[in-house]
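# Structural description and commentary
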Amino acid sequence: MQMPAPSADILARRTRITRRLREVLPGDAVIDDPIETRAYECDGLTAYRCPPLAAVLPSTTEEVAAVLRLCHDEGVPVVPRGAGTSLAGGALPTADSVILGVARLTQVLETDYDNRFIRVQTGRTNLSVTGAVEADGFFYAPDPSSQLACAIAGNIGMNSGGAHCLKYGVTTNNLLGVTLVQMDGTVLELGGAHMDAGGYDLLGLICGSEGQLGVVTEATLRILPKPEGARPVLIGFGSNEVAGACVSDIIKAGILPVAIEFMDRPCIVATENFAHAGYPDCEALLIVEVEGSEAEIDAQLGLIRQIAARHDPVEFRESQSEDEARKIWLGRKSAFGAMGVMGDYICLDGTIPVSELPFVLRRIGELSEQFGLKVANVFHAGDGNMHPLILFDANKPGDLETCEVMGAEILKLCVEVGGCLTGEHGVGIEKRDLMNVQFAPEDLEAQMRVKDVFDPKWLLNPAKVFPLAASESRRAG
Amino acid sequence: MTADALAVIRPQSEAELAEVLRGASAPVAIRGGGTRPVGLIQPGGVLETGGLSGITLYEPGALTLVARAGTPLAEVEAALAAEGQRLPFEPMDHRALLGTTGAPTLGGMVAANASGPRRVVAGACRDSLIGVRFVDGTGNVVKNGGRVMKNVTGYDLVKLMAGSWGTLGVLTEVSFKLLPAPDSAATLVWDGLDAAQAVALMSTALSLPWEVNAASHLPDGRTALRIEGFEASVEYRAEELATALARFGRSVRLSRKDSVTLWQQVRDVTPFASGQGAGDVWRLSVKPSDAPALAASAGGDALFDWGGGLVWLRLAEGTDLRARLGTFRGHATLIRASVEARRNLPSFQPEPAPVAALSLGLRARFDPRGLFNPGLMG
Ligand SMILES: Cc1cc2nc3c(=O)[nH]c(=O)nc-3n(C[C@H](O)[C@H](O)[C@H](O)COP(=O)(O)OP(=O)(O)OC[C@H]3O[C@@H](n4cnc5c(N)ncnc54)[C@H](O)[C@@H]3O)c2cc1C
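Note that the structure is a prediction, hence the values are computed from the model and not measured.

## Topic: helix 2 (residues 14-24) of chain A
Residue and element names in this part refer to chain A. Looking only at helix 2, the buried set comprises Ile-17, Thr-18 and Leu-21. Down the axis of helix 2, the sector holding all buried residues measures 95°, keeping them to one side. Looking at helix 2, the residues exposed on the side facing more than 90 degrees away from the buried face are Thr-15 and Glu-23. For helix 2, the elements touching its buried residues are helix 1 (8-12), strand 1 (30-31), strand 2 (54-56), helix 3 (61-74) and strand 4 (98-101).

## Thoughts on the pairing of strand 5 (residues 108-112) of chain A
All names here are of chain A. Where strand 5 lies against strand 6 (residues 117-121), 4 bridges are found, and the strand directions are antiparallel. Each bridged residue has a counterpart across the sheet, and for Val-108 the counterpart in strand 6 is Val-120. Between the antiparallel neighbours strand 5 and strand 6 lie 4 residues, among them Arg-116 with a positive phi of about 55°.

## Some details on the nonpolar core
Residues Phe-454 of chain A together with Phe-176, Leu-225, Leu-284, Trp-312, Leu-313 and Leu-362 of chain B are the most contacted members of the largest nonpolar core, which totals 192 residues. Ranked by the residues each element gives to this core, the list is headed by helix 14 (residues 399-416) of chain A, at 9 residues. With sequence-adjacent residues up to four places away left out, Leu-284 of chain B is seen in contact with Leu-294, Gly-309, Leu-310, Val-311, Leu-313, Leu-321, Leu-325, Phe-328, His-331 and Ala-332 of chain B. Counting 28 residues, the second largest nonpolar core, distinct from the first, contains Leu-21, Ala-65, Val-98 and Val-215 of chain A.

## Quick notes on the interface of chain A and chain B
Between chain A and chain B, the residue contacts involve 94 residues of the former and 70 residues of the latter. The junction of chain A with chain B conceals about 6,400 Å² of combined surface from both sides, 59% of it contributed by carbon and sulfur atoms. Looking at the side of chain A facing chain B, the largest losses of area belong to Met-195, Tyr-200 and Arg-449 of chain A, adding up to 13% of the total buried there. The closest approach of N and O atoms between Glu-296 of chain A and Arg-237 of chain B, which form a salt bridge, is 3.2 Å. Taken together, chain A and chain B are joined by 31 residue pairs in polar contact (both at pLDDT 80 or more). Breaking the side of chain A that touches chain B down by element, the ones donating at least two residues are strand 5, helix 6 (165-168), strand 9 (187-191), helix 7 (202-206), helix 8 (240-252), helix 10 (294-309), helix 15 (435-438) and helix 16 (441-454) of chain A. When residues in the side of chain A that touches chain B are grouped by element, the largest group, 10 residues, is from helix 16 of chain A. Class assignment of the residues belonging to the side of chain A that touches chain B gives a composition of 38 nonpolar, 34 polar and 22 charged.

## A closer look at the domain arrangement of chain B
Residue and element names in this part refer to chain B. Domain annotation of chain B identifies domain 1 (1-181 + 348-378), domain 2 (182-268) and domain 3 (271-347). Between the C-alpha centres of domain 1 and domain 2 the distance comes to 32 Å. Between domain 1 and domain 2, the residue contacts involve 13 residues of the former and 12 residues of the latter. Taken over both partners, the interface formed by domain 1 and domain 2 buries close to 990 Å², and the fraction arising from carbon and sulfur atoms is 55%. In this structure, the connection of domain 1 to domain 2 is made through 3 salt bridges. The closest approach of N and O atoms between Arg-118 and Glu-228, which form a salt bridge, is 3.2 Å. Across the domain 1-domain 2 interface, the total number found is 5 residue pairs in polar contact (both at pLDDT 80 or more).

So, how was this worked out
Residues numbered from 1 in each chain as written. Chains lettered and ligands numbered in written order. Predicted model: local features only at pLDDT ≥ 70, side-chain atom pairs only at ≥ 80, totals over all residues. Heavy atoms only, no water. Buried < 20%, exposed > 50% of the residue type's maximum accessible area, 1.4 Å probe, protein only. Helix = DSSP H or I, 4+ residues; strand = E, 2+ residues; numbered from the N terminus. Arc of directions from axis to C-beta. Contact = heavy atoms within 4.5 Å. Pairing = 2+ DSSP bridges. Core = buried A, V, L, I, M, F, W, Y, C linked by side-chain atoms within 4.5 Å. Buried area = accessible area lost by both parts, 1.4 Å probe. Salt bridge = Lys/Arg side-chain N within 4 Å of Asp/Glu carboxyl O. Polar contact = N/O pair within 3.5 Å; in protein donor to acceptor, adjacent residues only side chain to side chain. Nonpolar A, V, L, I, M, F, W, Y, C, P; charged D, E, K, R; others polar. Domains from an automatic or database assignment.

Now the structure itself:
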């Protein structure tokens, strides 16, 4: 993965830039000690690292504006950062950039149950948003698996999803408003506690813009009343194809589970060895969760049992208690951890039309043989968002590169069958150079024009999302 | 074919549309079914999208539909109904309110981000829209999003196109995620609550776990809640709701037929239907708890939807609602008024300077020659 060479001119001004940063921020909010900046050298895509020129941790929107104005003035690139859990390299710095972290912006500013929203500073973690309202019977719906660590800032940056988005949607469907600071320091409000935009849907544009259009410091989020109850079932199948067909049938039958999760044999075996959740010995399994009152849950699960029965399930396991429900989820929730124990891996995130599941899983199996790297599949099946995990050995020369080539093949396959490169993790640097597979030059040009409007000097997270060759003339200017 | 002033052009394909626009020298009003003439477009040619019609892909098992932008909405709804599915956002039909005829198209619905009562829970049109193709003002064909439900590949121009009233490009194809249509529905109605009580009732209802998916207060004093699902579940939730909301008085359950009628009235704002001396109609998007006071200072009749988040106001002709309300959080759109009134008042809410600068910048980039719907959206 290539990154643009740092600007010698900016590096030469390092002392002056950090001095100016200290003029607008409290001393402890500017980090430029080469040992300390290493804490910001990468995000969740740990294969790529580069310490920034400096990292700053402002505590107010005004401080964010002051930093951006200054960097705008100095022509210094800025990389916004939430909790740094991006799997796409979205928060990866360059040596000539300033990391702007929102970790100190963690306040809840307003909770309003009558109007069902919460307003928070964006450094607050996803889980602690729900934490702030849950005692009163509410929750914030988007629930990425990283929710304990990731911040609302990054969720907005990546338009993150979660296991329950089949029913509740992803971040963009639950975001009502933001306070946005533009690269030149202009502060503006988009949306608010009302439900829709007056003019263009700029809020929709900001969500998922990977820190390239502005820095989000505050967010108004929709909160929902907690359902009366929820219960998962685990269904084991003799093959991936059959499990895929069952997903399609459940959806066609008019049931809308809150989650349908899919795991294939390699993933089942790995998580069993790791978490001992007691999963059945089978080729593929689904975890299907439904919500409602006891009676409603029974009725929906009854239907799902009937549908599953048509697909010869190896096992249909209902949870009779909280503890059994927890055990059903245990394996799924520890899947990434389990794979981590087995070795290094990269986690892909392409989406495909649900109907293409069997074909794509078969092709991935073939690619795995061809490249000699193991793949485990665990993903949100209801919406076709796949997460193939390709295992490699970082200590073996060339293995990461092989792994990346194979990953690219899988993502191309996703696009070929009518899907996309990324369903929830974002493009970052990871999928940047594959954008040409999914988009024609005109499609990318239209997107880059949006950045021209929000950030004419292309200083915000400039080396991301667009193939470097496509964005070069803009970044240089 | 070229776009001459005052001519009507009706391309039969996306490629033809692109060619026309590349050679265009004069502005055009983009027309789908012509059923949603909101705002005022400066006179020029007309570009009809009706030639770009037909469902291109419908996969019930994946809950997705793709169709050309000129496809009549009715055709799509019929195809979905045959499979027991529907568009989640219950698109509003503007014909009764605006006194228009013709057949609404998918493109027009998207350009207006037309959404109905279920929006309060299921999201607006923009939330179900997962892909677009459009031709921009330079004649380039642009695609964004696609046919899958989860997609964060690049910027979300899909949302940008929804509700942009044809000012950024001519939509040629749109994709949606769908929902299964439930077998059963129940509507509970309370009578005689004032606006503040009604909004309190609706807020309470929407904060309970029983999945109320429409909450409206009509000008005739009725306050209505709807729940949908399979039958046993609907029965159970209807009872729980009636009990939980007993402090607002007794509710009655509407028959299936009356229920359908009521929600159609709310969706299409038929209590303010056009006709002689029917007055101007404004659409106010606000925080629900602000709605009763704002409606009171507006004067006139009000219909509250989305639990109070959407207020339809019928006011005397020529009223400047924004002047009357002063500063408030949210926005007001003038939906129906005489041509003269629309000349005097901006139909769309003026934006604060930094936001307006972004909007103008986007428009200038997507339509550098100012071809599309000049005069709309500020
Ligand atoms: C174990 C694990 C599991 C995961 N599971 C999921 C999952 O289920 N679903 C999912 O969607 N993702 C998942 N992720 C990916 C990741 O957690 C999400 O992308 C998350 O939203 C990133 O949040 P963050 O605060 O860590 O953001 P960061 O990594 O710090 O930044 C992410 C992007 O947002 C931008 N950004 C950060 N702050 C701001 C700001 N204030 N204003 C503007 N832009 C900003 C950054 O520049 C960057 O491009 C997972 C990651 C891990 C490590």
